[in-house]
Amino acid sequence: MTEVYSDLMKKIKEGKFVFTGELEPEKTTDLTELVESAKKLLGHCVACNVTDNPQSMAYMSSLVASYIVQRDSGMECVYQLRCSDRNSIALTSDLLGAGALGIRNVLALTGDHTSLGDYPGSMPVFDLDSGQLVYLIRRMVDEGVDLNGKPIEHPPRFHVGVAGNPNADPLDSEILKLKRKVEAGAEFVQTQVIFDIEIAKTFLKEMEKYKVPVLIGIFPLKNYGTADYFDKYIPGVHVPKDLLAKMKEASEIGDKKKKMERYDEINLDYYGDFVHEIAHNTSAAGIHVMAVAYERITPPLIECAKI
């Protein structure tokens, strides 16, 4: 497929090193803060992911949030869509809706099990997994039909990405899963959080044979509470002990302004060289900055890349 539908894919195909951000609609009907967050990232990030019930928390529809953010902020969105809550009928329906609303990027996710969230008794679905969802999206876009071959009037126009986990052990299994998703039609990969530059480089080297753009995911830590929660409760990734210790020391600073400045300093010290190295000495197509409610750190981090 050669046609380009989004600014994100246009810049990737032009060979530009891109930055994407992340927005998280929560349990609310008011997206004023989310829209303002997106506005702060305009000119810095080419697009922002809009999360879909992360950790199986019942939040506002990522489809609705993606549309409102694009409409009210001008920020292009990557609509996250997970299979854990929807069967193939609902997924098809939501994708048709996304096409009608002008969404041009979709991140296909299998999703966390519902037992992890705030509705632990809710039944999981998993009618499809992320690879099958990629296949569904590609059929809709490329062939103008649904999963069963039924024609779609005015098919949607999307670029479809998937998530990758460089921290997986063994890594070979994760690479094989991504191979399947690329063969199904995935056009880009955004990784889960990486703290170790060598892990990022190993993953990128393994992915080069598939010739798919990869954006490395980083997670600047807004405060010690966020760092501690992430370290304890997010499966598969741990905050490095020295970084966690520095965040804890910063949390004990009494002056609020100085505390925030110290948090920023710690993040820039930790991620500055990381971002520069990824931008200049690897095959990565960009960086996915998961700085939810911490937008102020993104511009100076991008500056570190010096691209």
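See the structure printed just above.
Remember, it's a predicted structure, so these values are computed and weren't measured experimentally.

Analysis parameters
- Residues numbered from 1 in each chain as written.
- Predicted model: local features only at pLDDT ≥ 70, side-chain atom pairs only at ≥ 80, totals over all residues.
- Heavy atoms only, no water.
- Helix = DSSP H or I, 4+ residues; strand = E, 2+ residues; numbered from the N terminus.
- Rg over C-alpha atoms; globule rule 2.2 N^0.38 Å.
- Buried < 20%, exposed > 50% of the residue type's maximum accessible area, 1.4 Å probe, protein only.
- Contact = heavy atoms within 4.5 Å.
- Areas by Shrake-Rupley, 256 points an atom, 1.4 Å probe, with all protein chains shown as cover.
- Lys, Arg positive; Asp, Glu negative; His and termini not counted.
- Charge placed at Lys NZ, Arg CZ, Asp CG, Glu CD.
- Pairing = 2+ DSSP bridges.
- Axes fitted to C-alpha atoms, helices over the stretch in contact; angles between N-to-C directions.
- Phe/Tyr/Trp six-rings, centres within 6.5 Å; stacked < 30°, edge-to-face > 60°.
- Lys NZ or Arg CZ within 6 Å of the ring centre and 35° of its normal.
- Disulfide = S-S within 2.5 Å.
- Core = buried A, V, L, I, M, F, W, Y, C linked by side-chain atoms within 4.5 Å.

Enquirer: Whenever I open this one, the overall build of the protein confuses me. Can you help?
Expert: Secondary structure summary: the protein contains eleven helices and eight strands in total. Relative to a compact globule of 307 residues, whose C-alpha radius of gyration would be 19 Å, the protein shows 19 Å and is just as compact. Across the 307 residues in the protein, those meeting the buried criterion constitute 51%. Pairs at least 24 apart in sequence give 76% of the contacts found in the protein among residues at least 6 apart. Counting only carbon and sulfur atoms, one obtains 51% of the accessible surface of the protein, whose full area is about 14300 Å². Across the protein, the 35 positively charged side chains and the 45 negatively charged ones have centroids separated by 2 Å.

Enquirer: In this structure, what is going on with the sheet that holds strand β7 (residues 214–218)? I would like to understand it.
Expert: What links the strands of a sheet is backbone hydrogen bonding, and the strands pair in either a parallel or an antiparallel sense. Reading around the barrel, the eight strands line up as β1-β2-β3-β4-β5-β6-β7-β8 and close back on themselves, with parallel pairing between neighbours. Averaged over all pairs of adjacent strands, the angle between their axes in this sheet comes to 30°, without regard to strand direction. Lying on the sheet, helix α6 (residues 171–184) is in contact with β5 (159–164) and β6 (188–193); it crosses β5 at an angle near 170°.

Enquirer: Help me understand the pairing of strand β8 (residues 286–289), please; the structure alone is not making it clear to me.
Expert: Side chains on a regular strand alternate between the two faces of the sheet. What you see with β8 is no split at all: Gly286 and His288 on one side and Ile287 and Val289 on the other are buried throughout. As judged from the three bridges shared by strand β1 (residues 18–23) and β8, these two strands associate in the parallel manner. Residue pairing for β8: Thr20 is matched across the bridge by His288.

Enquirer: Would you explain the packing of aromatic side chains in this entry?
Expert: By convention here, two paired aromatic rings are described through the distance between centres and the angle between planes. With the rule as written, the count across this model stands at eight aromatic pairs. The interplanar angle of 85° and the centroid separation of 5.2 Å between the aromatic rings of Tyr270 and Tyr271 together place this pair among those described as edge-to-face. Taking relative accessible area as the criterion, Tyr270 reaches 25% and is therefore assigned partly exposed. Judged by its relative accessible area of 1%, Tyr271 falls in the buried class. Taken together, Phe195, Phe219, Phe230, Tyr270, Tyr271 and Phe274 form an aromatic cluster joined through their ring pairs. The cationic tip of Lys248 hangs over the ring face of Tyr224; the distance from NZ or CZ to the ring centre is 5.7 Å.

Enquirer: I keep staring at the state of the cysteines and nothing clicks. Help me out?
Expert: Such a bond, covalent and formed between the sulfur atoms of two cysteines, is termed a disulfide. Per the stated rule, a full pass over the model turns up zero disulfides. Among the cysteines around Cys45, which has no disulfide bond, Cys48 carries the closest sulfur, lying 5.0 Å off. Cys45 sits in the buried class, given a relative accessible area of 6%. You can see Cys83 has no disulfide; the closest cysteine sulfur is in Cys77, sitting 20 Å from it. Accessibility expressed as a relative area gives 0% for Cys83, which makes it buried.

Enquirer: Explain the nonpolar core to me, please; I cannot follow it from the model alone.
Expert: Burial of nonpolar side chains together is a common tendency in soluble globular proteins. Core analysis: the largest hydrophobic core is formed by 87 residues, its most contacted members being Phe19, Leu95, Leu133, Met207, Ile216 and Ile278. At seven residues, the largest contribution of residues to this core is made by helix α10 (residues 256–281). Leu8, Val18, Val78 and Leu107 belong to the second largest nonpolar core, which has 13 residues in total.

Enquirer: Help me understand unusual backbone geometry in this model?
Expert: Each neighbour pair has its own omega, and for Asp169 with Pro170 the value is 5°, a cis peptide bond. Of note, Pro170 is situated in the loop between β5 and α6. For Asn53, which is not a glycine, the phi torsion comes out positive at approximately 45°. Following the sequence through the fold, Asn53 ends up in the loop between β2 (47–50) and α3 (62–73). In the Ramachandran plot, His154 falls in the positive-phi region, its phi being about 55° despite a non-glycine side chain. Relative to the elements of secondary structure, His154 occurs in the loop between α5 (130–143) and β5.

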